[in-house]
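# Chain and residue survey
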Amino acid sequence: MYRYIGNKTKLLPHIMEKTSQLIGNTGTVVDLMAGTGSVAYEFRRNGYTVIASDVMTYSIHHLKTNLLLEQAPPFDGLVNNNVITGEINRYAEVLTYLNTLTPVRGFFFREFSPEGVPQIGCEPRKYFTSDNACKIDAVREKINEWIQSGWITDLEESLLKHTLIMAVNEVANISGTYGYFLSNFKKNSLNNLCLKEELFSIGNATGHTIIQGYAEDLASSIIADLCYIDPPYMKRQYAANYHILETIARGDFPDAIGKSGLRDWWDQHSKLCTKTRGLQSFEKIIRDINCPRFIISYSEDGLFTIEQLRNCFEQFGTVTIDEIDYNRFKSNDSQLPQKITEYLISIELSLIHI
């Protein structure tokens, strides 16, 4: 389960249909702000060569898992160093090892559990039960140990961190994002943290590229037949709303700031979350990237009206806008209407911009 702002899972059929209309059933597609990787993964499943990027570290681990694996990697380093026997399903054996580690009262226990004492002296935070926070600490520290010892590869690290993040999402005491925790533990957060095997997709697992960075900075280095963009719609910054997942992905121990325990996230802020610079970012991406066709997802809730976006994009070529009725992402206490209009905006660049 992944409660993620703007998750496009339910729009995948529309996105794939539009992609096929624009470039056919083969080619190179870039998912420029890939998030959890659901769209990039669907491009892979449909036979495209995928370039996927995002500024968030946790996204990179999801993307490596979703795009580059059709089976678990061998974990040879853990076999050679007698961590696992390697006589059965190695991935399953690694997860059993991690699931049965002795709990550790570490960073997550201190900063994100009700029995912890946050370093800044504020009231304890309730993102996780104390038991689950200790399990997260144990798994994080063991993965860090394996990385430092050179016992796991980069791809094995990504798979394990992806698996841990998916398990953490199941027991987090949050309403929708990690921007703040709930005052009382809800039912699912009382379950025991358990890492479960990822289900892999068979086929088309080679030739893909994954890059971390700002879309505006990466655009000039990318060549593709079609660029899909799922930008932030609102002022809410992903880096702030998913700070705990970023800490798991990085494996670090940042200062936990304020009552919500945010890490310093300014190095990952998005200009597309601002009215003052968002349209400029769109223009820079479209101008710099070597790509003749674009599909852009947007919402009627967004910072910019559909008319503003049309005016921005029409300077580059022909713009087509499809409207789709969609269920809104809502936190539990939201009073917003359930239904919302999502837009799929297609741009075919004029010759002068190709």
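Scroll up a little and you will see the structure.
First, a word on scope: everything that follows refers to the structure included in this document. (Residues numbered from 1 in each chain as written. Predicted model: local features only at pLDDT ≥ 70, side-chain atom pairs only at ≥ 80, totals over all residues. Heavy atoms only, no water.)

## Some details on the overall build of the chain
What counts, and what does not: Here a strand is any run of E in DSSP of at least two residues, a helix any run of H or I of at least four, and the numbering for each starts at the N terminus. Type-normalised accessible area, obtained with a 1.4 Å probe on protein chains alone, sets the label of each residue: buried when under 20%, exposed when over 50%, and partly exposed for intermediate values. In what follows, a contact means two residues having at least one pair of non-hydrogen atoms within 4.5 Å. For every accessible area listed, the method is Shrake-Rupley and the probe measures 1.4 Å; residues are considered covered only by the protein chains on display.
Counting its regular elements, the chain contains 13 helices and 7 strands. Burial status across the chain gives 55% buried among its 354 residues. Considering only contacts in the chain between residues 6 or more positions apart, those separated by 24 or more positions represent 74%. For the chain, the exposed area adds up to about 15700 Å²; of that, 49% sits on carbon and sulfur atoms.

## What to know about the packing of aromatic side chains
What counts here: Centre distance within 6.5 Å is the pairing criterion for rings of Phe, Tyr and Trp, where only the six-membered ring of Trp is used; planes under 30 degrees apart are then read as stacked, over 60 as edge-to-face, and the remainder as tilted.
Going through the model one piece at a time under the given rule, you end up with 16 aromatic pairs. Of the aromatic side chains, those joined through ring pairs into one cluster are Phe107, Phe108, Phe112, Tyr127, Phe128, Tyr180, Phe181 and Phe253.

## Topic: the state of the cysteines
As a reminder, the rule being used: The definition used for a disulfide is geometric: two cysteine sulfur atoms within 2.5 Å.
If you walk through the whole model with that rule in mind, you get 0 disulfides. Looking at the unpaired Cys227, the closest cysteine sulfur is the one in Cys291, lying at 5.4 Å. When its relative accessible area of 0% is taken as the criterion, Cys227 is described as buried.

## Side note on helix α8 (residues 154-171)
Because an α-helix packs 3.6 residues into every turn, residues spaced three or four apart end up facing the same way. The cut-off we apply is this: The span expected for a helix works out to 1.5 Å for each residue beyond the first.
Taking 1.5 Å of rise per residue, 18 residues should cover 26 Å, and α8 covers 26 Å from first to last C-alpha, within 8% of that figure. Most of α8 is tucked away: 14 of the 18 residues are buried.

## Topic: the pairing of strand β7 (residues 339-349)
Here is the rule we go by: Two strands qualify as a pair provided DSSP detects at least 2 bridges between them.
With 9 of 11 residues buried, β7 is to be regarded as a mostly interior element. Note that strand β5 (residues 293-299) and β7 share 7 bridges and pair antiparallel. The residue bridging Ser299 from the neighbouring strand is Glu342, located in β7.

## Side note on helix α7 (residues 130-149)
Taking 1.5 Å per residue, 20 residues should reach 28 Å; α7 reaches 29 Å between its end C-alpha atoms and fits that length. Immediately downstream of α7, the backbone of Gly150 shows phi near 75 degrees, a positive value.

## Section: the environment of Ala138
Tracing the sequence through the fold places Ala138 in helix α7. Distance in space between the C-alpha atoms of Ala138 and Phe108 is 9.6 Å, their sequence separation being 30 residues.

## As for the nonpolar core
Cut-off, in case you're wondering: Joining through side-chain atoms within 4.5 Å is the link that ties buried Ala, Val, Leu, Ile, Met, Phe, Trp, Tyr and Cys residues into a set, and such a set is a nonpolar core.
Core analysis: the biggest nonpolar cluster contains 47 residues, and Phe75, Phe108, Phe128, Leu160, Val168 and Tyr178 have the highest contact counts within it. Elements represented by at least two residues in this core include exactly α4 (76-80), α5 (90-99), α6 (107-112), α7, α8 and α11 (243-250). Residues within four places of Leu160 in sequence aside, it is in contact with Phe75, Val94, Leu95, Leu98, Ile143, Trp146 and Ile152. Formed by 32 residues, the second largest nonpolar core is a distinct cluster that contains Leu218, Ile229, Ile286 and Ile345.

## Here we look at the packing of helix α3 (residues 57-68) against α8
This is how the line gets drawn: Only the stretch in contact is used when a helix axis is fitted, and all axes are lines through C-alpha atoms; the angle between N-to-C directions ranges over 0 to 180 degrees. Angle categories: roughly parallel below 35 degrees, roughly antiparallel above 145, roughly perpendicular from 65 to 115, and oblique for all the rest. We call Asp, Glu, Lys and Arg charged. Ala, Val, Leu, Ile, Met, Phe, Trp, Tyr, Cys and Pro are nonpolar, and the rest, Gly among them, are polar.
Here α3 crosses α8 at 110 degrees, and the two axes come no closer than 8 Å. On the basis of the axis angle, α3 is roughly perpendicular to α8. For the pair formed by α3 and α8, the contact residues are Tyr58, His61, His62, Lys64, Thr65, Asn66 and Leu68 on the first element and Asp154, Leu155, Glu157, Ser158, Leu159, Lys161, His162, Ile165 and Met166 on the second. Looking at the contact of α3 with α8 residue by residue, the class counts come to 6 nonpolar, 6 polar and 4 charged.

## Considering the side chain of Thr129
Tracing the backbone through its elements, the reader meets Thr129 in the loop between α6 and α7. Residue classification places Thr129 among the buried positions, given a relative accessible area of 14%. Apart from the residues lying within four places of it in its own chain, the contact partners of Thr129 are Ser113, Pro114, Phe185, Ser189 and Leu190.

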